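Observations on the three-dimensional arrangement
Read off the chains here:
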There are 2 protein chains.
Amino acid sequence: MARQLRLGAFMRPVSIHTAAWRYPGAYPDANFNFAHLKRFIQTLERGRFDAFFMADHLAVLNMPIQALKRSATVTSFDPLTLLPALAAVTDHIGLVATASTTYEQPYHIARKFASLDHISGGRAGWNLVTTANPDVALNFGLDEHMEHGERYKRAREFYDVVTGLWDSWADDAFIRDVDNGIYFDPDKLHVLNHKGPELAVRGPLNIGRPIQGWPVIVQAGASEAGRQIAAETAEVVFTGGGTLADGQRFYADVKGRMAALGRSRDAMKILPGAFVVVGDTVEEARAKRDLLDSLVHYDSAIASLSIALGIDASRFDPEGPLPEIPETNASKSGRERAIELARRDNLNVRQLAQRLGGFAGLAFVGTPKTITDQMEEWLLTEGSDGFNVMFPYLPEGLDDFVDKVVPELQRRGLFRREYEGRTLRENLGLARPENRFFPK
Amino acid sequence: MARQLRLGAFMRPVSIHTAAWRYPGAYPDANFNFAHLKRFIQTLERGRFDAFFMADHLAVLNMPIQALKRSATVTSFDPLTLLPALAAVTDHIGLVATASTTYEQPYHIARKFASLDHISGGRAGWNLVTTANPDVALNFGLDEHMEHGERYKRAREFYDVVTGLWDSWADDAFIRDVDNGIYFDPDKLHVLNHKGPELAVRGPLNIGRPIQGWPVIVQAGASEAGRQIAAETAEVVFTGGGTLADGQRFYADVKGRMAALGRSRDAMKILPGAFVVVGDTVEEARAKRDLLDSLVHYDSAIASLSIALGIDASRFDPEGPLPEIPETNASKSGRERAIELARRDNLNVRQLAQRLGGFAGLAFVGTPKTITDQMEEWLLTEGSDGFNVMFPYLPEGLDDFVDKVVPELQRRGLFRREYEGRTLRENLGLARPENRFFPK
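None of the values given here were measured: they were computed from a predicted structure.

Now for the relation of the copies chain B and chain A. When chain B is brought onto chain A, the operation consists of a screw motion whose angular component is 180° and whose axial shift is 0.0 Å, with 0.1 Å RMSD remaining. The operation mapping one copy onto its partner corresponds to a two-fold rotation axis. Of the C-alpha atoms belonging to chain B, the one lying closest to the rotation axis is found on B:Ala85, 2.0 Å away. The overlap is high: 100% of the interface residues of chain B also sit at the interface in chain A, so the same surface is used on both sides.

Turning to the domain arrangement of chain A, a few remarks are in order. All names here are of chain A. Along its sequence, chain A is organised into domain 1 (6–279 + 367–428) and domain 2 (283–358). Domain 1 and domain 2 are separated by 31 Å when their C-alpha centres are compared. On the side of domain 2, 14 residues touch domain 1, which itself brings 19 residues to the contact. Considering only the side of domain 1, the residues that lose the most area to domain 2 are His-17, Tyr-23 and Arg-70, jointly responsible for 34% of the buried surface there. Linking domain 1 with domain 2 are three salt bridges. For Asp-299, the salt bridge is made with Arg-70, and the minimal N-O distance between the two is 3.4 Å. Scanning the region where domain 1 abuts domain 2 turns up nine residue pairs in polar contact (both at pLDDT 80 or more). In terms of residue count, the dominant contributor to the side of domain 1 that touches domain 2 is strand S11 (residues 269–278) (three residues). Each residue belonging to the side of domain 1 that touches domain 2 can be placed in one class, and the counts come to eleven nonpolar, four polar and four charged.

Below, the discussion takes up the side chain of B:Arg263. Residues and elements named next belong to chain B. Topologically, Arg-263 is positioned in the loop between helix H8 (244–260) and strand S11 (269–278). Buried Arg-263, no salt bridge; nearest opposite-charge side chain is Glu-235, N-O distance 5.3 Å. A distance of 2.8 Å separates a polar atom in the side chain of Arg-263 from the backbone oxygen of Ala-231. With residues near it in sequence (within four places) discarded, Arg-263 still touches Ala-230, Ala-231, Glu-232, Thr-233, Ala-234, Glu-235, Met-258 and Met-268.

The rules behind each value
Residues numbered from 1 in each chain as written. Chains lettered and ligands numbered in written order. Predicted model: local features only at pLDDT ≥ 70, side-chain atom pairs only at ≥ 80, totals over all residues. Heavy atoms only, no water. Least-squares fit on C-alpha atoms with pLDDT ≥ 70 in both. Contact = heavy atoms within 4.5 Å. Domains from an automatic or database assignment. Buried area = accessible area lost by both parts, 1.4 Å probe. Salt bridge = Lys/Arg side-chain N within 4 Å of Asp/Glu carboxyl O. Polar contact = N/O pair within 3.5 Å; in protein donor to acceptor, adjacent residues only side chain to side chain. Helix = DSSP H or I, 4+ residues; strand = E, 2+ residues; numbered from the N terminus. Nonpolar A, V, L, I, M, F, W, Y, C, P; charged D, E, K, R; others polar. Buried < 20%, exposed > 50% of the residue type's maximum accessible area, 1.4 Å probe, protein only. Lys, Arg positive; Asp, Glu negative; His and termini not counted.

Encoded structure:
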């Protein structure tokens, strides 16, 4: 069989695009309405998606109120509360929740993901994050955010503790011998007794080993420390996208690190986030995107452009071309990317600002055929193992992907027609981890 | 309308009785099988129960392995992971999860219960506990358990923070004005900025105000501090049962404390836990209980009797009567209760041990008519406002209650035939709390 794409759906927020809730026909409350979310996931399952993926923030994002009041993401569900509810109304699709190693306790995390894995019949995934937003500290009783190196040190040990707790019970510990009144075999229970530099956790976990052994481990860190912990532990990596060349460099780097550690390259799937707008013609798809971008309020848009350029862009003529921009102390890459984007897509100041204020990352805007061509190119040239798809607006953008792009991917032999396995791990082609305390 | 019973179902463990999983026809994995739990809650909803109630433990209980290996409760689901899944397969019944103020963070708790309340359409309740089990500390990086007074001090402040976070947004904050691109009215957002002796939490919460304003506040503390915090804050109180006279004393005490604080006595429902065994005759019900008790393994049973008496009971003749027991330094009430139980029900040593090792609290064992008589007496003499029903074994014990006792309660006008409202709060007859920052 040819190399197969893996597809996640990036569903928190349900659309990454700031103006999604204003698009004609969109549900303005899509992010926050269980009935809508149920419809979305059932459609994704019909489209044979590998997983429903929820990012997370442990705070309302720190933005000027003029921008914040326009954001549909200030209200949304806790991932580990929403996903069990969605598990109950689906049968096959994976359920990946973000949870922070900086602001959580490993016993809670091990227990919740184990519970989700059992309730869903083996469909849970944990997106392990260290939480970059310093405002979160203020919601958790701390004056200062933990610094980057410290966060990653704790994350690595947290992972060891959580996976150790998942291994508290052998897979066959629960014998439930009614006649003799023996519920479990005491020889198949392990007390972790972890005492490390950051964490002390006795165990055992008060729930049996997850159906998948361990829920699938997902990560998104792009820093040096993030790539290293991913190479050591991750089974799915979600990246920020960028150009195909960027994707290929990232792919080669992280898979190379795996090989150096003795892990098989196939034991991890790398999925860049891809914003996909589908039209019957390329022109129609572009027009949809232009309409969507035009709905980004200029207050938000110009703030994004100013941040990217490192200067106050509100004094530029919105309808004119981007003027010459002097170099500043701000991010050089942000400035260069904005200038390149304006040039490539021939955008005036307003359009450029609205693109940056909407979504400016990797995008496939075209017909089912052109989108499939691009996805295939990424797959076959080791730019990625698939994508974490971002929908431009809901429900239409999601329905278009499932009804139009998925059949084309299937026709080309790039994507499954039926789920291969019973669990997320089986569908992704990942091995079930052995229990470290009860090896076979 | 006559005074109405409120009925919760105590569902973690699904049966409080140690031998429930061994009863003929019982599901040995009832505590840990989502398909079974879905069936149970749908049956309870058909029986118009107010709520599905989940106790919790943050550790495997500390018991000698000889008793522990016989316990069906070592593996069970995290309440805040199971209840969202059950919300998705029900429409009316309330969903009450236990969560600890000692081992959780208020931002997480506020967010998870708000999410559950929205996902379930206003059916969430929070059983606020301070966690008495000192072993839990070892699972959360602490060498020593927080002492009782300190736990209750933190609990009271935790409650203020969580309810304050629920009030972050006015009920009508989210205007979703598509034309003008305004998602919420900035004047209807409040930043809590709590800085207290135990907790510092900025806010706002990143989810809209719960449908019920606040999820229903449930408590179970029986100590002096527990009764006082309940009188100040609780809307449902779950008690350990005991005799009718015990119930009346507790009821008068806590409702009296409420009155002294200026709270209406109707603003709280007191629900003792009641173990109910249904038969077509009283003899049949007693025989069912005897069979169930006989399935408590003697190892576990005699350990329970020894603890109750404060002496090693394993040297007694199991088939003989309870010998004279000298007073010891152990719990006087436990010893007296055991002696009284043996006398009242004419139990030999084995039967007494098995009763104590199974479930020895408040029990209604009889026909639908005698059970209804007893429940009515409690209700009409201010022993309680209803019960948190404990089933002897599953599914039969639960089905018997719903199919046989509920119709009798309904015939007698003691219990609803249809749900009165849309939310748990409405069904319990509790007022929706005003938003403290955005009064009407």
